[in-house]
Amino acid sequence: MPPSANAGRRKSFAFFSRPTLLTESETTSWTTSDDSIPIKPRPKSLFGGGNGFTEVPTIAPSTPPARKVLTKSSQRPKSMFGSLKGREPEPTSPTVTNASSASSLLEDSSISDVQWSVLPLNTVVIHAGEVVTGGGLLRKKREYMVLTNRELLKYKTEAKANEAFGLGNKNPQARASSIISAGDYASEHTLVTAMDRIVAVYYPGPENERGSVVQVDYLEIPSGSPSSTTLMASSRTEAQVWVDRLRSVATQAHLSSPPLAYPDSVVEHIARRLEAEKDYSPMHFQIFRVVQRSGRTGNKSTEDLQKMYSTMCYLAIGIHKVHLVPFRPATNKSTTSLTAATTSSFGILNLTVVWLASSDDCFSLTFRLPCRYPQKLSLASADARDIIQSIRQASEYLRPMWQICPFSIDIPENMKDEPLPDIPPTPGDDLNGFDRTLAAYCTAYDLDASNIVYGVHTNVEDGPMFQLYPPAHSRRRQYTDLELLAVMRTLRWNDAFCSISFRTISLDPLMIIYDTNGSEYEPRLERSGRPINLKNASQGIKPLLTHELRALALYCGKLRRMDFFESLKKRGSGTNPPAEPSGDNACPIVEAIMPLCRRGFTNVDWFNLTGIELREADLDWLVDAAASRLAHFRGFELQRCGLTERMLTLFLNALVTHENTLEALDISGNPCRMHAPTLNNSMAYFPFLRKLNLSRLLRTSGEDPVLTAETLHRWRLEDLDLSETKLNRETVQAIAAYLKSTQSDAMHHLTLTRCGLTAKDVALLMCSMERTPGKARDLHLYVGQNALAHDAGDFIDCIANDRTPSHLTMRMVDYPREEPFQELVRALTVNKTIVYLDMAKISLPYEAGEKTSLLLEDLFAKNTTLRELDISGEQAVLESASLGAGLLKPLGRIAENKSLEVLRIELQSLGTPGAMELASMIPKNTTLREIHCEMNDIHLQGFTALVNAVEQNHTLIYLPRMDRDRIDQMRVLKEKLCQPTLPEWDPQYQHHIEKTEKKSSFRKTSKSKRVAFSEEDALIVGVEQNLSLLEEKWDSEATRLQKALSRNISLRVHERNKSKRAGVNSSSSISSMGLLWGVDAR
């Protein structure tokens, strides 16, 4: 050993002096969450026996002396289990040195230029202590762990650690002999992990249970492979100290150094996994390293088994899902490497519980599909706070309007107040993110979102209105329970709609489903967060339909109207849950919403329950809600609900409370026999009625009118429907008197179909509604299925003298003679007030004659006011109504018409000749917008002629694809081509052939059968080929038609825009507007 070194040690003969402390600027301040642990001022050893919190700085010369290799270290055999071994010193990793020796060297002027760099100047010992470490099932050691601000180190004993730091040996002679080179000191300890490579520090036991075992998961240097180690402390308090200080140091290390980058191959691998799930978007893509802990602990004393169940993986947050992607398989060098995890994905909107531990890095996420058991992910990560906040942000992005999230959050209070990351904007997103939320729910429930069809209508009362249409799949007649749940939970909290319609959509799948595995989606709070406390309505288990409809009514603040037209079938005993006894259960719709109306918790005040059977239990809910003014009901449509006279009387008496708000009432089609005076007395309490439907009601015998003139004059009705209700002379006179008064000026629809009216009664009504001679009143009069062919002089005169409303419907009128019909056609030809005429299904004793055909020609060519005409026929099994060949020639005269825009001429058996007449007319006409001519036995030849005509026309925007005619033609052709032609056999010869066949051999018989079978196959193949060619031709013509109509629609839009810029409003029919602007979502 050089003399200079000996001289240096003699000058530093202070073995019991404390190490030189760094100045405040050279140390880093560290804190611990355990304030109860005392800090000893002068520990006996450098590490304070594992209980102190002592900063131990090291001051080292800049240039180390020559290294010495210890023979003992080099001759030590390697462990078969891959035991920890000494590492060579690296410039970026600290190694242990003797602090007092370093200071002695600095004091010696002869060696002041010789610097010994072992530990960086800012290395600080944070905590140390003796623990039992485990890297595998059979590898347990009692070792001494040292935690610095950069690394976690371990020594065999405390003495080795003290010796490495130069404070453990108090014998000067031994002290002098212990000074060795940096490489020698490096062999005395082993690096566990750098603090910036720690993934998680946690208790491996159950949640919220603090044991004495601490698990540290980290990434190995330099391979980056996952690994872990366990530290078993002497007590739970000591274990918590280790957890707190490991987490604190790891957090500071992550903040002070650049974050560990993800290799490009890893990012690409995870992105491909998400793309396979259709869940990747660069704007919604985050990756975290996590440890997936086991759900069960087994024997709590075997922490090695617990650790083996843990798996390090990547947690990726996509658009709609949370993904656990395993590390790529690699050859692990030790048993401490974690096993590979299985890939799994969970819908973000299935999240039910979020939990974050306050004592370690543990957190858990619980997901649950409807009616399924929950799945809990027990995880741990140093980035747990960021992960939870990112998932909360993703949930709010997918449900932007939800004010009360459907999952419970168990996190520290300070995290609840932290602002979430900004939600990235979604261009083109409207309806308060409806499509975004629907797509997320469909993804979470593993559904095909393209199968759900809906429309949004704005030009309706209480609009915008959301309407759900039947599924897009042609083989599906109704939605599944999960599809209905996705739609209803998407509508929840969405204030973009004032009306929701499930018209003709079956809600039965949700009526028989009960979710007993969770209640996170059950509405129990108001919009403000207060409990609703519906005790009477919450007893017993309820179907999902009840909860979902109650949530819609409770949380959609702008919702005013709900339409359930024929949404539920007749209820039977099979709808009762197994846990409840069978009984007269209430309708889920009524039970869900009526309690909210009674308490004033919802704004929904208009209900359409048409076609839903209501029982006594439902009547109790209805009467109870109607008795409260907080319900402020505006409309009830209870058509065909099975209401008896008693039920209807009780309900009307309860509705008196809403005399100032009730606007609409529909009680038609119920099997009750109403007494006319009683009905008038009940109706007189509602002066603000706008819509009244009393059709298909049975009334008691008597001469009293169904509605008296006094009762009618109390209202300003817009719609009055008395269809299929026998009206006596007194009722007709009362209606006529009401039509004369100014109280009826607001009326737009008067429906008197099949009421036993005569032509004179209809003439009386027409004369009563006239306001200005020669000017039509804006009213639609329905008088179909009445005896209008007998004694029709007054009725014909009203039409000829322009004393009619603007819209007239007289469907299914039976003319036993052709002359009255001819008089009607003459009157319509000269009429100047009717703009809409529906005389479909008119029946003549035979096909239209030549005189009738000439009159129809004049009607089509000379009428100047009709804009929409329906002369469709009827083809039923027992009865048909068609004008026949007498309608063909008049179709060609439509080319001269200058006002007609919509022509409906279905089911008139036009055939190919009729199609040719239409084709000759279409290029010449410049006003027609729509032609509805399906189901007329038009074959490919006629369809081709129509398409050629449309290509020459620039105003027609609708012509059907003739799908029904196409199907019928293909079916008839297939039957004709495949039908075998059998010869007429002589009976005796046939008997001889049968006997001969019985005597023939089996081989010959089999051969003849095979030959016949092959000939039949050849025939079928030829037929299929011909039909396939015909199908291709139909498709080709349909494509040509679509192109021509698209061209005309573009021209129509251009003309409308040009008219708007010029300040001119172009006139078009309502139906053409609907087709132009795509009102029909299908």
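Caption draft 1: Highlighting the overall build of the chain. On a plain count of helices and strands, the chain comes out with 32 helices and 35 strands. Each of the 1082 residues in the chain was classed as buried or not, and the buried ones make up 51%. Just so you have it, the chain exposes about 51600 Å², and 52% of that area is on carbon and sulfur atoms.

Caption draft 2: Region of the structure containing the packing of helix α23 (residues 793-800) against helix α24 (residues 818-830). Taken N-terminus to C-terminus, the directions of α23 and α24 make an angle of 20°; their axes are 8 Å apart at the nearest point. When the axes of α23 and α24 are compared, the pair comes out roughly parallel. Relative to α24, the crossing made by α23 is left-handed. Contacts between α23 and α24 involve Phe795, Ile796, Ile799 and Ala800 on the former and, on the latter, Glu823, Leu824, Ala827, Leu828 and Val830. By residue class, the composition of the contact of α23 with α24 is eight nonpolar, no polar and one charged.

Caption draft 3: Representation of the confidence of the model for the chain in the model. Averaged over all residues, the pLDDT of the chain is 79; the fraction at 70 or higher stands at 74%. Counting contacts from residues 1-119, a segment whose pLDDT is below 50, to residues more than four positions away or on other chains yields 201 contacts. This stretch, residues 1064-1082, has a pLDDT under 50; its non-local contacts, to residues over four places away or in other chains, come to 39 contacts.

Caption draft 4: Spatial organisation of helix α22 (residues 759-768). The buried fraction of α22 amounts to seven of the 10 residues, a majority that puts the element mostly inside the structure. Every buried residue of α22 is accounted for by Ala759, Asp761, Val762, Ala763, Leu765, Met766 and Ser768. On its buried side, α22 packs onto α21 (729-740), β28 (777-782), α23 and β29 (805-809).

Caption draft 5: Structural context of unusual backbone geometry. Cis rather than trans, the peptide bond between isoleucine 221 and proline 222 has omega equal to -5°. Structurally, proline 222 can be placed in the loop between β6 (213-219) and β7 (226-232). With an omega dihedral of 0°, the bond running from glycine 463 to proline 464 counts as a cis peptide bond. Among the structural elements, proline 464 can be located in the loop between β16 (453-457) and β17 (465-469). A positive phi angle, close to 55°, is found at methionine 812, a residue other than glycine. Within the element layout of this structure, methionine 812 appears in the loop between β29 and α24. Even without being a glycine, serine 909 presents a positive backbone phi close to 55°.

Caption draft 6: Representation of the packing of aromatic side chains within the structure. Per the counting criterion, the structure on display carries 19 aromatic pairs. Centroid distance tyrosine 280 to phenylalanine 285: 5.1 Å. Interplanar angle 70°. Geometry classified as edge-to-face. Judged by its relative accessible area of 19%, phenylalanine 285 falls in the buried class. Members of the aromatic cluster, joined through ring pairs, are Phe434, Tyr454, Phe466 and Phe497. The aromatic ring of tryptophan 402 is capped on one face by arginine 399, whose charged end is 5.1 Å from the ring centroid. Over the ring of tryptophan 606 we find arginine 561; its NZ or CZ atom is 3.7 Å from the centre of that ring.

Caption draft 7: Summary view of the sheet that holds strand β15 (residues 408-410). The strand order across the open sheet built from eight strands is β11-β10-β9-β8-β14-β13-β12-β15, with neighbouring strands paired in mixed fashion. A single partner strand is all that each edge strand has here, and the edge strands are β11 (344-347) and β15. Recorded for the sheet is a direction-independent mean angle of 30° between the axes of neighbouring strands. Pairing of strand β8 (residues 286-293) with strand β9 (residues 311-317), which is carried by seven bridges, proceeds in the antiparallel orientation. Residue pairing in the sheet places glutamine 292 in a bridge with threonine 311 of β9. Contacts between helix α8 (residues 264-276) and the sheet are confined to β8, β9 and β10 (321-326), with β10 contributing the most and set at about 130° to the helix.

Caption draft 8: Broad picture of the pairing of strand β2 (residues 140-148). Two elements, β2 and strand β3 (residues 151-155), share four bridges in a ladder whose sense is antiparallel. The partner of methionine 145 across the bridge, within β3, is lysine 154. Here β2 hands over to β3 after two residues, the two strands then running antiparallel side by side.

Caption draft 9: Summary view of the side chain of serine 506. Considering the arrangement of structural elements, one finds serine 506 in the loop between β18 (499-501) and α14 (508-511). Within polar-contact distance, the side chain of serine 506 engages the side chain of aspartate 508 at 3.3 Å.

Calculation criteria
Residues numbered from 1 in each chain as written. Predicted model: local features only at pLDDT ≥ 70, side-chain atom pairs only at ≥ 80, totals over all residues. Heavy atoms only, no water. Helix = DSSP H or I, 4+ residues; strand = E, 2+ residues; numbered from the N terminus. Buried < 20%, exposed > 50% of the residue type's maximum accessible area, 1.4 Å probe, protein only. Areas by Shrake-Rupley, 256 points an atom, 1.4 Å probe, with all protein chains shown as cover. Axes fitted to C-alpha atoms, helices over the stretch in contact; angles between N-to-C directions. Parallel < 35°, antiparallel > 145°, perpendicular 65-115°, else oblique. Left-handed = near helix turned anticlockwise from the far one by under 90°. Contact = heavy atoms within 4.5 Å. Nonpolar A, V, L, I, M, F, W, Y, C, P; charged D, E, K, R; others polar. pLDDT = per-residue confidence, 0-100. Phe/Tyr/Trp six-rings, centres within 6.5 Å; stacked < 30°, edge-to-face > 60°. Lys NZ or Arg CZ within 6 Å of the ring centre and 35° of its normal. Pairing = 2+ DSSP bridges. Polar contact = N/O pair within 3.5 Å; in protein donor to acceptor, adjacent residues only side chain to side chain.

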